[in-house]
Each structure stands twice: as C-alpha cells, then as structure tokens.
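Structural description and commentary
Letter by letter, the chains look like this.
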4 protein chains.
Amino acid sequence: MNYQLILDEISQEIQPLLHEGKVADYIPALADVNKNQFAMSITLFDGTTHNIGSTNELFSIQSISKVFSFTKALKIYRISLYNRIGKEPSGNPFNSLVQLEYEHGIPRNPFINAGAINVTDSLISHYKDASMAYEEVLSFIKAISEESSIYSNEIVANSEMLNGYRNMALANLMKSFNNLDNETKEVVQTYFKQCAIEMNTKMLSRSMLYLANRGVDPITNIRYISEPQAKRINAVMLTCGHYDASGDFAYKVGLPGKSGVGGGIVALVPNLMGICVWSPGLNEQGNSLVGTKALELFTTKTGLSIF
Amino acid sequence: MNYQLILDEISQEIQPLLHEGKVADYIPALADVNKNQFAMSITLFDGTTHNIGSTNELFSIQSISKVFSFTKALKIYRISLYNRIGKEPSGNPFNSLVQLEYEHGIPRNPFINAGAINVTDSLISHYKDASMAYEEVLSFIKAISEESSIYSNEIVANSEMLNGYRNMALANLMKSFNNLDNETKEVVQTYFKQCAIEMNTKMLSRSMLYLANRGVDPITNIRYISEPQAKRINAVMLTCGHYDASGDFAYKVGLPGKSGVGGGIVALVPNLMGICVWSPGLNEQGNSLVGTKALELFTTKTGLSIF
Amino acid sequence: MNYQLILDEISQEIQPLLHEGKVADYIPALADVNKNQFAMSITLFDGTTHNIGSTNELFSIQSISKVFSFTKALKIYRISLYNRIGKEPSGNPFNSLVQLEYEHGIPRNPFINAGAINVTDSLISHYKDASMAYEEVLSFIKAISEESSIYSNEIVANSEMLNGYRNMALANLMKSFNNLDNETKEVVQTYFKQCAIEMNTKMLSRSMLYLANRGVDPITNIRYISEPQAKRINAVMLTCGHYDASGDFAYKVGLPGKSGVGGGIVALVPNLMGICVWSPGLNEQGNSLVGTKALELFTTKTGLSIF
Amino acid sequence: MNYQLILDEISQEIQPLLHEGKVADYIPALADVNKNQFAMSITLFDGTTHNIGSTNELFSIQSISKVFSFTKALKIYRISLYNRIGKEPSGNPFNSLVQLEYEHGIPRNPFINAGAINVTDSLISHYKDASMAYEEVLSFIKAISEESSIYSNEIVANSEMLNGYRNMALANLMKSFNNLDNETKEVVQTYFKQCAIEMNTKMLSRSMLYLANRGVDPITNIRYISEPQAKRINAVMLTCGHYDASGDFAYKVGLPGKSGVGGGIVALVPNLMGICVWSPGLNEQGNSLVGTKALELFTTKTGLSIF
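Residues numbered from 1 in each chain as written. Chains lettered and ligands numbered in written order. Predicted model: local features only at pLDDT ≥ 70, side-chain atom pairs only at ≥ 80, totals over all residues.

1. What to know about the relation of the copies chain B and chain A
- You can overlay chain B on chain A at an RMSD of 0.0 Å; the transform is a turn of 180 degrees with a shift of 0.0 Å along its axis. Such a combination of turn and shift is consistent with a two-fold rotation axis. Within chain B, B:G91 has its C-alpha nearest the rotation axis, a separation of 2.3 Å.
- Mapped onto chain A, 100% of the interface residues of chain B are again interface residues, and the two copies thus contact each other with one and the same surface. (Least-squares fit on C-alpha atoms with pLDDT ≥ 70 in both. Contact = placed C-beta atoms within 7 Å.)

See below:
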C-alpha cells in the first residue's frame, strides 16, 4: 500500500478543519500553541517511516504518557496492579470525582487522571523515590523511541502544578480511601513531570511498535513486556483511551489509541505499524479534532481497522 | 489450526467451574435451567463448524438479540440513529436509570437495556406496527442463521413482562424526555418478545458470519449491511457488549462479543469465524462465567485476539 | 396584631412581582391559568379569617395534597410508614430518579413525587381499593376545611396522566425494588386524581388548623392525629416542603409549609393560625414566586417565624 | 417547669443506651475518649443553669464550631456569602464530593464540611491572615460563652491534618472551581484548628443564648448579629445541622441544633434557653446517639418543640 500517498491525501482533506477545535487553555504554556499545525507519522516493523507535516515539531505528550507509565507498572505488578486500578471504561469525564467516590477510591482504569496518578504512585513505591520513578519512565520512553534527547518541559510541569487543584483533589480522595501510598503533592508533581515530556510524531509512532508487535520491539528485538500484557494494554487503549469519547473513537477509527490534551494521538495497527498524529485543536471531549479525523480517514482509506 | 482439539481442551478445562456462577433467577423460566451445561460452536466462512457440548440445546438469547435489532435499526436509520442513542460505554450497570436521567433520556449505547428498548421503539416507528417490527427482527435472525424454525418463547416473554418494572421505568423515563415514539408498554413487550427468542450455539455462531465478514454473509454472499456498518457494530460490541464488564472482556478475550443473561455469548474473529458459547451460570456482572472463561482460553490457545 | 392591614400591605408590595414567574406549562389545564392573580388567607383558632385578593378562586392544589395523604397514612401506619418512606430532605429535584435508585427504591420523604406516590400506594393497600383510598383522602380534606363541595378536576387528572411518564418511571422503579404494592398505573392515576383537587385559599388556610393546633381542630375540637404526629408532619414540611428550595423557604419564611405547582402554598404558625397564599407564577424551583415573597413579608412584618 | 427534675429523669432514662454508639475513631485523640460519659446543660435568659452529668468535662467541639464561624462570616458578608455557599440540605453524607462536583464547587450549605471550609476561607480573606481569622472566631466563642480560658487542642488539630485527605480533596475541588481564595492547606489547617476547640456543656449551652434571643445576648445585652440573621442561622441549623439525619432530628427533637463528631450537640429553644448535651458514642449518621435521644426526651417532656 502506498502509505505516503495516503498521508498526502489525508493532509489535504483535513486542511478545512484546522481552524476548528480549541487549544487547551488551562495553562499558558499550552494555550500559546498555534493550532494550525498538523503532523502525522507511521513507522513500520522494518523501520520504514512515512511522514507528513510538522513531524519534527516537539509537543507536550500529556496523557499519552499514561500508556508508558501503565506499561511499566503492569510489568512490575502484573495482575496485582488491578487491586488498585480497574480496567473498565468510566462513562464519565476524565477528571470526575463522582465515580471515584462511589467506587471507594479505586479508579476505573489507568487512563483517566485518577488512574494515571495511581500508577505513578505505584511506581514511586516500587522505586522508593519519586525522581527515580520518573527517570525510569523517561528511560523507557527513550528506549522504545530510540531517541535519547527526550526531556520534560519544566515550565509546563510547574504551570500544571499551579493549576492542578482538580488532580490534587483526586489524589487526596484516593489517599482518604487508603489507595495512595505516597504524599499527594509528590505524586501529583511526578505525574505532571511525566505529562510534560515533549516528543514529536516521529518518535511517538516509533514508540508504539512494541505494542503493535506483542511486546517485542521489532527493530531491536528487545522484549519489553509479555505478549498477553501487550494485547491487554491495547485492549485498555481501545476501550478507555479517549476519555468519554472512547466508544466513538473505536467506532470511527477502530484502532487501539491514546490521546493527550497537547493534541497528540498515538495508535497502532497490530502486527503492522505504529502511528502518531498531532494537531493542537481539541474537540469537545478533549481529543485532537483533526487528529481523530485523520485517523478515521486513515482506516477508511487503508481498511486497517481491527474490526 | 485444529479447532476441534482446542474446543475439546476448553471443554475439559472449564469443567471445575461449572458449579460456580449463578443462574439468572428473576423469572422462573430462566431460574429452572440446569447450570451444569456447556456448549461451544464455531462456524468458519466455508460453513465448516466445530462443536462441543450441548450444541443442540436451545436457550433464551436475551441480550444477544440486541445485536440483531441494532443491525436492523442501523441499516434503516444510518447515523441519524445516534440522535437518539449514543455509542459510548456506560460505566454503569446495564439497567441503571442514573445516567439516563443525567443525560436527558439519551441512552449511552444500544446494548444497555434503555438503548435496546429505544432501538425497538425506532423499529416499531419504522414498520408502523409492533408485531411487524418483531417479525422483521425474527426474519433477519432466521436469514443470518439459515434456520427457519426459530421462535420466541411466549412463557418467558410474559414472565419478563410481569417482572419488568425496571425496564418499564427506563421506557417511561425516556418517554418523559420525548425520546420514545410509541407507547411504553407496547415497546417493552416487543423488546421482551425479542429477548425471549431461543437458539442454540450452532445457530448463533452461524449468525455472526455477516459481522465477521464486513457485512456480507460469506456462505450465501448476501450483503446485509455495509462494510463500515459491520465494523462499527463490532466496535460497539467490543466497547459495550458486556455491560459493566466490557473492559474486562476486551482485556481477557480481545474479541467483539455480546452476552445475554440466558448464559449465551456470541463473538467473532474478523475475517475468520463466528463463535458462540453457552453455559447458564452467571458471574457477578451478569455474563456467563464459564462462557467468558471458555472464550479467554480460546483466544489464548489460538492467538486469535484482535489485539 | 392588625392582620388585615398586614395583608393589605403585602398585597401592594407584591404587585410588581406578579408579571415575573412562569406558570406551570407541562399540561394545558395549568398552562392556561392567568398568572396575574394573587390571594392570601389566614384563619385563626377562633375561626376569624382575614383575606386579600381572589380568595374565592379555586385552583389545583397539586402537591399540597401530599400533606393530607401523608397525614392519613401516618395515622394508619404510624412509624411503620418509615419502612417504605424516609423523612430526610432530598437535595435533588422533586422528580429525580437518581437518589431513588441509589437508595434502593425508598423515597427520601413523603413530599417528593416518589414519596407521595408511595403514600398513595399505602392507602390503596389499606383501603383495599383505589377509589376508596381517594375518597378517604377527599373526605378528610372536606372535614378539615369544613367545606363539602370540594372535588377533583377530571380534565386536569387525565391530562396529568397523559404526560405523567416521569411519575410512571418513579412508580415502576419503586415497584422493581418491591416497594410498591399495587399496580403502577392505578397508583399513579389515584395520585393524579388527588393532585387535581381544587380549593381556594380560604379553604386551605382553614385546613391547616389541625396541624397548627397539635392534631386537634380548634374550631370543631375533633382530634385528627396525635400531638407528636402533628409536630412531626410540621417538621417534615419545614425540612422537605418546598423541594430543592426547602432550606431557602425555612431561611426566608421560617414556617412549616408546603407548595404546589398550581401556585398555592399552605403554611402555619404553631398555636396560632393557618395560612394559604396563591399566585400561579412559579420560580425556578417550581414554587409560587409571589407566594414565597408574600410569606416572607408576612413573617418579617409579624415576627411570627418559628425561629 | 422543673428543668432540673427533667434533666435527672433524662439522665436515668439514657443510661441503658450509654454502651451503644461508636466513638469517632478516625484520629487517636478522639478514639481514646471513654464513651460511657454523659452531660447536659441548659442556660436560661436570666443566667440560671441546670446541669446533669460531667458538665465540667471538656470535649472537642468539632462541627459545632461551624455555627460560630458561619455567624462571623454572615455578619461580615451578609447575603453576598451565598454567592459561594448555599443554604439547602444536601441529602448526602457530610463529606461527599459528588454533589460538590455536580454543583460546580458551590457547597450546599455552611454545615457540611465543604461549606465550613469555604466559610473559613472567607474569614481568612477578610482578615487577610489565617491566624487572625482563627483568633477572631475564638474571641467570638469566648465572648458568647463568657469564658476566657477556651483553647484549641493542638494534638487533635495536627492529628486531623495528618488524616484530613478527604477535606483536602474538598478544598482542592473548590479551588479548581475558583471557589476558594487562599491556599488549600492553610485553609484546611485553620479549619481543623477551629474544630479542635474544647469546651464543656456549660459553656456551650451558654453560647447559644444569642441565637435563642434574636441576635442579642440576653445576659450582657450585646447584639452580635441582627434579628433576621439570628433567625436564619437557626433555620439553617434546623434544616442542615445534622448531616444526613437533619430531617430525623427536626422530626424527633424539633429544635434548631448542631452536632459534632466529638459527641456534643448544641440546641436552643427560641426566646427561652440554650442547650448542650454531650455523650461521645455516635450513631450511624455520626451524631451523638445518647445526645440525640436526650434531646428527644427533653422536648417530649417539656413540650418545647418549635412545632
């Protein structure tokens, strides 16, 4: 299949949508991003890549980082991780406290904010140090993207913290249910540091290969997680990867994926490729408007939906 | 792959679990079923079938019928169907009124009870008659299973109606939001009649082929729905097919599927086969306990998860 | 105190508010009422009355009837009534199903719709007949208002039934929790018949005397209920009498009272008088806008708040 | 009326209940209290007091302090206080986040935890300093109880802070809705300091006189608040003073009152007296079990219910 041609077509078809959507504006560092940007990259198992748009542009990966921290925690804790986090879709906004209270401090899944904060907490407990936990997640990201230059944007992380009351509320609520080991502020800071990591679509499409290939990086042949674990992370991405629009994403795109408020979306075609698309304008559910459309066009044009 | 051997292994491995689970007991007709029963069938695109257990035993398909009525309604109304029903996982029990009230009478998806009742209502409106709507769904089921003897068990349907206050509450709540066209009692009766249809695992595994093959029955070559519609029904089955255990099913089994309180579960492997498993003992979420385990063993042994 | 002068003052002061508020419009029979109407009556223990405005005008008493049916049920069932109905404020709109589901079909109090429907059900069970239950409530109302001509407006009752899906949903939900004895339709019809009773402010202010005088009608000396029961009905009126504005009413008016969507509000000053005010324009919480203001002016001018 | 005799009778009648109830055990300082204790005091307008039991024993006033901070805030902000706090019963546990999220960070009333934390925040903003805000509340308590020795127990306050994750969650959630001015930790610490104030039943019954006498201390003749404000505080106590058992308290006791988890309950009879009862064993709703019963006996024996 001529993937480059398909990317070119997509790039043209999404142009009229670029002015739609709304850049995340809850912190200045994200609000200042120009929303007329678009980039899309795919990486095949032999390392071949196809790119369109501003694929060298770094952006804040935000919630996409939840896939990486969840991978680390699942590898460490295996199924015992589910004593503290569920794996069901939430049917609620990503930062709601309602369900968390009704369900006694057990977050619904690792991709809503409460769940991801809980994952970070579990990593801090394991590594016995917040910085170490962060460094381990970063190292993992560097390894799977084969890119050593990746860093977290301190201004973004600090800015998140200054406005992170909702996330502090989630952490404190979990702590009140004895479902958080470490101090709430430290956990949330570490979580924000991880969210503030910056990458581009090239790096991120590359980073999805271990999930597309049953746990083994097809280029380096390094196994990062077991085959069942890889499949299960994909399943959680499909059912819970896009907040309260996860069903819609599965319906329209039909691929496991994860979005972030920075405008990035990662996805993967099992046994074939990693994908990343980026465009900062968000739809009402907080997912990249153009990014979602681009992926829908991609599976329509290629027939590569998992369904 | 030697599917028969795999089914034999599964049949042996699930034996210790047969005494677990709890038969649905809200109506006598279901409560009287012997829970030590098990059947599993797969049907390939060339018509080959593999069977194990009581595969000729008829059982109440219950919520599995929602797949068929949803197919009919989606074919008729196309995307305008989503003006009255969503496609997001609910994160709530299958018969909850809470979310339905907060979301102004729009059911989250076509597979929770409110959504399926709404689908039935849309069919009654289209066919301008409740019996006609029921007959059209039944004809469709007969066609896709190539089995003309299928009927609805009147005793079960009447028994459901006598105990169907929760479903009447859902219908009345939607009606109060002007999201139900026809009289509540007629709609719910038609819905129960459809749920009380009886089939066996052979018929049901056969009936999944149109969804496994992008809308076209691979044996008769009849196209029932468009390719995108077939994929989208599969996506909704994956994200919403098992009530509040949909995430868990996607995680453990990794196939689009739909369960019913009669103990049946249908599933499919895209481009390959239809599957049905039946065992009446239910787990806490109301899905067949042994059936779920059998499907998990199936994808583990065959590697046929979509992820 | 010169009550007539005070009523005259109130009547003048509320004039500018008469065009505000919104007449209940969910059924034609209520929507057609002219909202520029006002009436207020007080009845003292010796039978003296003071009136201002259209005090002979009959209006639909609607939820005010809940006080009377609750009185009957409390007399019959005593504290065992609280096995099926609570006595706590709900903190939710009067017709919400959310709390009713979370609390397993036990309505919060007898003055939200679910609670009043449940009270009606308990009366039907006691009198073994729906008509009889209605007639007993009506006889009681005639007795305490010393007015034999009172009737229920059939057009209003039927009109309510045609639009009563929300109440049917509440009844069916309680029935699904085994907290309703009789058939849902019969119970709701009886409830609507009771709500459609028509009275004027003279009759209603008279009807409050038994509650103001510890259970005994001070004019006829008939004891209708025990002293503790009378006090407790007053307490429930104070904490739950005005839906989700009960706190505000207690705060501003400081008297036990009960409002109805027909625009009437009954209230009482313990050991002193019964009060009724009527004006059909409703505020956002569904209570008479002018009526609430008139009562606030009354307690401010007279100092007769219970606090 | 022979109040002393009545107190003696009550003291005997509650003896069998003293072993029931459960001392608050969420912090060690409260868990260590011996629950077989009982004290009850009433203070009349002329300064006469009647006492029974351990009326010199100091206990943690906890949520009773909310009455005093609310008084201060209402005096300062008058009705503009209701821009940030409601006055409706919540229908939910005292520390629930659910309603707070649905209602966009506006607490239902000043007596649930979120509301009281918000009141403290408003005082810190007014006095421009957390210590000053605390000192002002303390001074007010000293004035109305005519007792200069009152202090806050630092061990209790610190212990609360170490376990105060739920309250920190509430504060952070309000902050995320821009309904909290100051830093969450400072506000919650100040709130806990105020809750850890220790008093006995003599002091507390004395402290209620300004509310029983329309804002003016009947002994010193000092006006602390206006008459309407006093009545309105009483109304909020009646509708919201006992968490999710406020309706039950109004029903059984029929007096404005406020309870604390330390086992104290203050109440008042308008125009007549202040009351305080203390017994550390709590009922399921978190109110003193024996204290509630003692007050119910008191209004039954004296007929002093406001209804």
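2. A few points about the packing of helix α5 (residues 113-127) of chain D against helix α6 (residues 130-145) of chain D
Residues and elements named next belong to chain D.
- It is the contact of α5 with α6, at a shortest axis distance of 8 Å, that shows an interaxial angle of 110 degrees. Taken together, the axes of α5 and α6 are roughly perpendicular relative to one another. Crossing handedness for the pair α5 and α6: right-handed. Here α5 contributes T120, L123, I124 and Y127 to the contact with α6, which in turn contributes A130, M132, A133, E136 and V137.
- Looking at the contact of α5 with α6 residue by residue, the classes come out as 7 nonpolar, 1 polar and 1 charged. (Axes fitted to C-alpha atoms, helices over the stretch in contact; angles between N-to-C directions. Helix = DSSP H or I, 4+ residues; strand = E, 2+ residues; numbered from the N terminus. Parallel < 35°, antiparallel > 145°, perpendicular 65-115°, else oblique. Left-handed = near helix turned anticlockwise from the far one by under 90°. Nonpolar A, V, L, I, M, F, W, Y, C, P; charged D, E, K, R; others polar.)

3. Section: the environment of C:Y243
- Among the secondary structure elements, C:Y243 is positioned in the loop between α12 (227-240) and α13 (246-252).
- Residues C:Y243 and C:E198 lie 45 residues apart in sequence; the distance between their C-alpha atoms is 21 Å.

4. Things to note about the sheet that holds strand β4 (residues 151-152) of chain D
All names here are of chain D.
- On the basis of which strands lie adjacent, the open sheet formed by 3 strands has the order β3-β5-β4 and antiparallel pairing. Since the sheet does not close on itself, it has two edges, and those belong to β3 (59-60) and β4, each with one partner.
- The sheet contact formed by β4 and strand β5 (residues 197-199) spans 2 bridges and is antiparallel. Bridge pairing in β5 places S152 opposite I197. (Pairing = 2+ DSSP bridges.)

5. Regarding the sheet that holds strand β1 (residues 39-44) of chain A
Residues and elements named next belong to chain A.
- Read across the open sheet, the 5 strands follow the order β2-β1-β7-β6-β5; overall the sheet is antiparallel. Each having just a single partner strand, β2 (49-53) and β5 (257-259) make up the two edges of the open sheet. Strand-to-strand twist of the sheet, defined as the mean angle between neighbouring strand axes without regard to direction, takes the value 10 degrees.
- For strand β6 (residues 264-269) and strand β7 (residues 273-278), the ladder comprises 6 bridges, and the chain directions are antiparallel. Residue pairing across strands places V269 opposite M273, the latter belonging to β7.

6. Examining helix α14 (residues 289-302) of chain A
Residue and element names in this part refer to chain A.
- Between its first and last C-alpha, α14 extends 20 Å over 14 residues, near the 20 Å set by a 1.5 Å rise per residue.
- By the burial criterion, the buried members of α14 are L289, V290, G291, T292, K293, A294, L295, L297, F298 and T299.
- Residues of α14 that are buried in the fold lie against α1 (3-14), β1, α13 (246-252), β5, β6 and β7.
- Following α14 by one or two positions, G303 adopts a phi angle in the positive range, close to 70 degrees. (Expected span 1.5 Å × (residues − 1). Buried ≥ 20, exposed ≤ 12 C-beta atoms within 10 Å, placed from the backbone.)

7. Some points on the interface of chain B and chain A
- Each partner contributes to the interface: chain B provides 29 residues, whereas chain A provides 29 residues.
- Top contributing element to the side of chain B that touches chain A by residue count: helix α12 (residues 227-240) of chain B, with 8 residues.
- Split by residue class, the side of chain B that touches chain A holds 11 nonpolar, 11 polar and 7 charged.

8. Notes on helix α8 (residues 165-176) of chain C
- Over its 12 residues, α8(C) extends 16 Å from the first C-alpha to the last, a length consistent with the 16 Å expected when each residue adds 1.5 Å.
- Buried residues dominate α8(C), accounting for 12 of its 12 residues.
- Taken together, the buried positions of α8(C) are C:Y165, C:R166, C:N167, C:M168, C:A169, C:L170, C:A171, C:N172, C:L173, C:M174, C:K175 and C:S176.
- Close packing links the buried residues of α8(C) with α8 (165-176) of chain B together with α4 (98-102), α5 (113-127) and α9 (184-195) of chain C.
- Following α8(C) by one or two positions, C:N178 has its phi on the positive side, about 60 degrees.

Function-wise, these values are silent; they only describe arrangement.
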